[in-house]
Amino acid sequence: MIEIWYLLYCPKQNEWRILNSFKQNMSKAALKDAFIFTYDRMRKFQGKWRVEKQLMFPGYIFLESDNEGALAEEWQQYKGVANLLQEKNAILHVQKKEELFLTSLCKEARHLGMSKGVIRDGVTLITEGPLQGMEERICRIDRHKRLARLKPPEGSVSGSILAGLEIVEKN
């Protein structure tokens, strides 16, 4: 059977609690996996830069299922019990090209590590990290916050994607 990803809206700051609840309460027939994408970013605390783990898509969890009917049925029962979601479009289907993009970017760990790069003559070159080879997807770099915004595939459910990027040299 074909496994399909779904994007589930949930109240912000409750993503991990809802994720764990789904994993515990949904049957294996309806839900193959539930997960959240994360990324590393640099934050400055007390004068020192530290790596911090952030949610890539705040307010959303991903559901993987090969039985859409069972997932929809159990989700409706779960929704009533948990009183979670008042949104009509709380579950969105993730397109295959977006699924492939996120998988290639974050791999099996579903986590995007920090990347390092340089800017030479106005051209960004990623020297190490998961963003290597994806320079054309970078639409904005915030050197102060050490973040890059990536363009997702055309027609994607999500807006831009944040990724940790430290520019170590610019000329």
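That block above? That's the structure.
These numbers come from a predicted model, not from an experiment.

Analysis parameters
- Residues numbered from 1 in each chain as written.
- Predicted model: local features only at pLDDT ≥ 70, side-chain atom pairs only at ≥ 80, totals over all residues.
- Heavy atoms only, no water.
- Helix = DSSP H or I, 4+ residues; strand = E, 2+ residues; numbered from the N terminus.
- Buried < 20%, exposed > 50% of the residue type's maximum accessible area, 1.4 Å probe, protein only.
- Polar contact = N/O pair within 3.5 Å; in protein donor to acceptor, adjacent residues only side chain to side chain.
- Contact = heavy atoms within 4.5 Å.
- Salt bridge = Lys/Arg side-chain N within 4 Å of Asp/Glu carboxyl O.
- Pairing = 2+ DSSP bridges.
- Axes fitted to C-alpha atoms, helices over the stretch in contact; angles between N-to-C directions.

(A) Expanded view of the environment of Pro 11. Along the chain, the position of Pro 11 falls in the loop between strand E1 (4-9) and helix H1 (15-25). With relative accessibility at 26%, the residue Pro 11 sits in the partly exposed group. Sequence separation between Pro 11 and Tyr 60 is 49 residues, and the spatial gap between their C-alpha atoms is 8.0 Å.

(B) View of unusual backbone geometry. Phi at Lys 107 takes a positive value of approximately 60°, unusual for a residue other than glycine. Locating Lys 107 in the fold gives a position in the loop between helix H3 (96-106) and strand E7 (111-112). At Arg 110, a position not held by glycine, the phi torsion is positive, near 55°. One can find Arg 110 in the loop between H3 and E7. Judged by relative accessible area, which is 16%, Arg 110 ranks as buried.

(C) Representation of the side chain of Glu 166. Following the sequence through the fold, Glu 166 ends up in strand E12 (residues 161-170). Residue classification places Glu 166 among the buried residues on the basis of a relative accessible area of 18%. Polar side-chain contacts of Glu 166 include one of 3.2 Å to the side chain of Arg 146. Ignoring anything within four residues of it in the chain, the contact list for Glu 166 reads Met 114, Ser 115, Lys 116, Gly 117 and Arg 146.

(D) Looking closely at the pattern of salt bridges. This structure, assessed with the given rule, holds seven salt bridges. For Arg 43, the salt bridge is made with Glu 52, and the minimal N-O distance between the two is 3.2 Å. For Arg 43, a relative accessible area of 31% gives the class partly exposed. A relative accessible area of 18% places Glu 52 in the buried class. Here Lys 96 ties to Glu 99 by a salt bridge, and the two come within 3.3 Å at their closest N and O atoms. Taken together, the positions of Lys 96 and Glu 99, both in helix H3 and three residues apart, correspond to about one turn of that helix.

(E) Expanded view of the sheet that holds strand E10 (residues 138-142). If you trace the five strands from one edge of the open sheet to the other, you get E9-E8-E12-E11-E10, paired in mixed fashion. In this open sheet, the two edge strands, each paired with only one partner strand, are strand E9 (123-128) and E10. Taken pair by pair, the neighbouring strands of this sheet meet at an average axis angle of 40°, ignoring direction. As judged from the five bridges shared by strand E8 (residues 115-120) and E12, these two strands associate in the parallel manner. Residue pairing for E12: Gly 117 is matched across the bridge by Ile 167.

(F) Fine view of the pairing of E8. Bridge count for E8 against E9 is five bridges, and the pairing is antiparallel. Residue pairing for E9: Arg 120 is matched across the bridge by Val 123. The antiparallel pairing of E8 with E9 creates a hairpin that spans two residues between the two strands, and Asp 121 there sits at a positive phi of about 55°.

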